[in-house]
Amino acid sequence: MSDKSLKATVQDDLTSAIRGRDQVRAGTLRLALTAITNEEVSGTTARELTDDEVLKVLAKEAKKRKEAATAYTDANRPELAAKEEAEYAVLETYLPAQLSDAELEQIVAAAVEETGATGMPQMGQVMKAAQARVAGRADGGRVAAVVKAALSGR
């Protein structure tokens, strides 16, 4: 990968989208950059986010779009759901490839072994270990479901 930060890449892509008159992409990237900037200035001192932190912000924004699309679909508003899904597709290009179920189960199994968990009371320890290895490549809800399945069988 190049020396350019993820935030700089998003900014460059926004410029390209504006020049190319891609309104969906430009609007989505503007919202993503706003979320990144808000995260940078939150807290007591302003700071520059690392690529990992920018990735977490983008993942959070993508999750919002996915949940909104589901809500709009459930409310029988397909035109709004389509808009959210289009924005999700734009954000998804910046996220790492999602783990398959088999890969996620292997990571959780390793986390269970590492923590020595014997049942549901140790779910928090297993989640912490698994989330560190997953690093944004799977939704927290998916991880939690696999951890519950692994621990309930013990």
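Residues numbered from 1 in each chain as written. Predicted model: local features only at pLDDT ≥ 70, side-chain atom pairs only at ≥ 80, totals over all residues. Heavy atoms only, no water.

Engineer: Quick rundown of the pattern of salt bridges? Include the residues and the values.
Structural biologist: Counting across every chain of the model gives 14 salt bridges. Residue Arg-65 pairs with Glu-84 through a salt bridge whose shortest N-O separation is 4.0 Å. Here Arg-65 is found in helix α3 (residues 51-74), whereas its partner Glu-84 is found in helix α4 (residues 78-92), with 19 residues between them in sequence. On the accessibility criterion, Arg-65 (7% relative accessible area) is buried. A single network of salt bridges, built from pairs that share partners, joins Glu-61, Lys-64, Arg-65, Lys-83, Glu-84 and Glu-87. (Salt bridge = Lys/Arg side-chain N within 4 Å of Asp/Glu carboxyl O. Helix = DSSP H or I, 4+ residues; strand = E, 2+ residues; numbered from the N terminus. Buried < 20%, exposed > 50% of the residue type's maximum accessible area, 1.4 Å probe, protein only.)

Engineer: With reference to specific residues and values, describe the packing of helix α2 (residues 23-41) against α3.
Structural biologist: The contact between α2 and α3 brings their axes to 10 Å, and the two run at 130°. Regarding the angle of α2 to α3, the classification is oblique. Note that α2 runs across α3; the crossing there is right-handed. Only Val-54, Val-57, Leu-58, Lys-60, Glu-61 and Arg-65 of α3 make contact with α2, whose side of the interface consists of Leu-31, Ala-32, Ala-35, Ile-36 and Glu-39. Residue classes in the contact of α2 with α3 are distributed as seven nonpolar, no polar and four charged. (Axes fitted to C-alpha atoms, helices over the stretch in contact; angles between N-to-C directions. Parallel < 35°, antiparallel > 145°, perpendicular 65-115°, else oblique. Left-handed = near helix turned anticlockwise from the far one by under 90°. Contact = heavy atoms within 4.5 Å. Nonpolar A, V, L, I, M, F, W, Y, C, P; charged D, E, K, R; others polar.)

Engineer: Mind laying out the environment of Val-112, listing which residues take part and the relevant values?
Structural biologist: Along the chain, Val-112 turns up in helix α5 (residues 101-115). Accessibility expressed as a relative area gives 3% for Val-112, which makes it buried. Separated by 17 residues in sequence, Val-112 and Ala-129 place their C-alpha atoms 8.3 Å apart.

Keep in mind these numbers describe shape, not what the thing actually does.
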